[in-house]
Amino acid sequence: MKIDALSLFPAMFDSVMNASMMWKAQDRGLLTFCAHDIRDYAADKHRQVDDTPYGGGGGMILKPDVLVRAIEAVRPSTATPVILLSPQGRLLTHPVAAELAQLPQLVLVCGHYEGVDERVRQLAVTDEISIGDYVLTGGELAALVLIDAVVRLIPGVLGAEGAADRDSHADGLLEGAHYTRPHTYRGLAVPAILTSGHHAEVARWRRRQALLRTWLRRPELLKSAPLTEDDREWLEALAGRQLPTVASSPDP
Ligand code: ADE
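Scoring rules and cut-offs
Residues numbered from 1 in each chain as written. Predicted model: local features only at pLDDT ≥ 70, side-chain atom pairs only at ≥ 80, totals over all residues. Heavy atoms only, no water. Helix = DSSP H or I, 4+ residues; strand = E, 2+ residues; numbered from the N terminus. Rg over C-alpha atoms; globule rule 2.2 N^0.38 Å. Contact = heavy atoms within 4.5 Å. Areas by Shrake-Rupley, 256 points an atom, 1.4 Å probe, with all protein chains shown as cover. Patch = residues over 30% accessible without salt bridge, like charges linked within 9 Å, V, L, I, M, F, W, Y side chains within 5 Å. Salt bridge = Lys/Arg side-chain N within 4 Å of Asp/Glu carboxyl O. Buried < 20%, exposed > 50% of the residue type's maximum accessible area, 1.4 Å probe, protein only. Near = heavy atom within 4 Å. Polar contact = N/O pair within 3.5 Å; in protein donor to acceptor, adjacent residues only side chain to side chain. Pairing = 2+ DSSP bridges. Axes fitted to C-alpha atoms, helices over the stretch in contact; angles between N-to-C directions. Domains from an automatic or database assignment. Core = buried A, V, L, I, M, F, W, Y, C linked by side-chain atoms within 4.5 Å.

In this section: the overall build of the protein chain. Along the protein chain, the regular secondary structure elements total eight helices and ten strands. Taking 2.2 N^0.38 as the reference for a compact globule, 252 residues should give roughly 18 Å; the C-alpha atoms of the protein chain span a radius of gyration of 23 Å, well beyond that estimate. By its C-alpha atoms, the protein chain is 70 × 40 × 40 Å across when sized along the principal axes. Here the contacts in the protein chain between residues at least 6 apart in sequence split such that 74% fall between residues at least 24 apart. As presented, the protein chain carries roughly 14,200 Å² of accessible surface, and 53% of it is formed by carbon and sulfur atoms.

This paragraph deals with a nonpolar patch on the surface. Together, Phe9, Met12, Tyr113, Tyr134, Leu136 and Leu141 make up a nonpolar patch on the protein surface, roughly 530 Å² of accessible area in all. A relative accessible area of 37% means that Tyr113 is categorised as partly exposed.

Right, let's talk about the site of the ligand for a bit. In the region of the ligand, the neighbouring residues are Leu85, Ser86, Pro87, Ile129, Ser130, Ile131, Gly132, Tyr134, Val135, Leu136, Gly138 and Ala142. Between the ligand and Ser86, the relevant distance is 3.1 Å, taken from a nitrogen atom to a main-chain nitrogen or oxygen of the residue. Contacts to the ligand include Ile131, whose backbone N or O atom sits 3.0 Å from a nitrogen atom. Looking at the shell around the ligand, the elements with two or more residues in it are strand 5 (82–91) and strand 8 (127–130). With three residues, the single largest contributor to the shell around the ligand is strand 5.

Before going further, it helps to examine the pattern of salt bridges. Applying the stated criterion across every chain, the model contains 13 salt bridges. Between Arg47 and Asp40 there is a salt bridge, and its shortest N-O distance comes to 3.1 Å. Judged by its relative accessible area of 35%, Arg47 is partly exposed. Using a relative accessible area of 48% as the deciding quantity, one classes Asp40 as partly exposed. Of the charged contacts in the structure, one is a salt bridge between Arg119 and Asp117, with a shortest N-O distance of 2.7 Å.

Attention shifts here to the sheet that holds strand 1 (residues 2–7). With respect to topology, five strands assemble into an open sheet ordered 2-1-6-5-8, the strand pairing being parallel. In this open sheet, the two edge strands, each paired with only one partner strand, are strand 2 (32–37) and strand 8. Across the sheet, the mean angle from the axis of one strand to that of its neighbour is 35 degrees, orientation sign disregarded. Its contacts with the sheet place helix 4 (residues 94–101) against strand 5, strand 6 (105–110) and strand 8, and it is angled at close to 170 degrees to strand 5.

Moving on: the domain arrangement of the protein chain. It is common to give the size of an interface as the accessible area that goes away when the parts come together. Each domain of the protein chain was delimited in the assignment, giving domain 1 (2–151) and domain 2 (168–239). Between the C-alpha centres of domain 1 and domain 2 there is a distance of 37 Å.

Mapped onto the fold, Leu153 is located in the loop between helix 6 (140–151) and strand 9 (184–185). Sequence separation between Leu153 and Gln102 is 51 residues, and the spatial gap between their C-alpha atoms is 8.9 Å. Excluding residues that lie within four positions of it along the chain, Leu153 makes contacts with His94, Ala97, Ala98, Ala101 and Ala164.

Ranked by internal contacts, the top residues of the largest apolar core, which has 34 residues, are Ile3, Phe13, Leu108, Leu146, Ile147 and Val151. Of all the secondary-structure elements, those providing two or more residues to this core are strand 1, helix 2 (20–27), strand 5, helix 4, strand 6 and helix 6. With seven residues, helix 6 is the single largest residue contributor to this core. Not counting residues within four places of it along the chain, the set of residues in contact with Leu146 comprises Leu85, Leu92, Leu100, Leu106, Leu108 and Ile129. In this structure, Leu6, Val66, Val74 and Val120 belong to the second largest nonpolar core, which totals 20 residues.

Another aspect to go through is the sheet that holds strand 4 (residues 61–62). The three strands are arranged 3-4-7 in an open sheet whose pairing can be described as mixed. Both outer strands of the open sheet, strand 3 (50–51) and strand 7 (115–116), are each paired with one neighbouring strand and no more. Strand direction decides the pairing type here: strand 3 and strand 4, joined by two bridges, are antiparallel. Across the sheet, the residue bridging to Asp51 is Ile61, located in strand 4.

Right, dumping it as structure tokens:
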């Protein structure tokens, strides 16, 4: 996959893109990433990229001529999606990340200040994505969140085959509890089932932990998650039980 990000602060991408999985994805040749400085596409001698809004009001607006020129310079063809990061976009969810992970190339546009001139949306943006219902200072952090969520789904990026399949949200549920050594820490022992050696029982316990956690924390997800008959029976049994709070989710 190739990702081009357009930003007024391209250095913001450096630390994240040069560490951990995002670096490995590039090192393995699975991702080519480039952060471009929007200011390089300004035409005047002051390299002006923004201006005051028509009609008054505060803040600065990114100029359409500069931003459209930048987008057209990095977009290889009109088939390549151009995604504007903005709090007004569709929400980034696992299905959206999985959809984007299928594509060969993305252009990400990071706004700053009050926003971008509306004609940029009309002329050059094909999609608009938000990472949540809050407002960031600029689109860079949102673009990094999107890149991480998408790139880890590209086959070969995560070491263990299928690791992304087990993530929270990948199957419509939150992941259950995980444990590692030591066996007992500050009086809290690992659930006995995990040391039993019964693989089928462990798998069933994990599934039920995922169902339990989803039921406690994000019950609305259960409406659209693909559930088996066994899952449904377990959830019905849970519904009839007195359950502790999220903070001390039990070992059912
Ligand atoms: N830019 C500013 N706020 C944002 C958000 N919530 N999501 C995506 N881009 C943004």
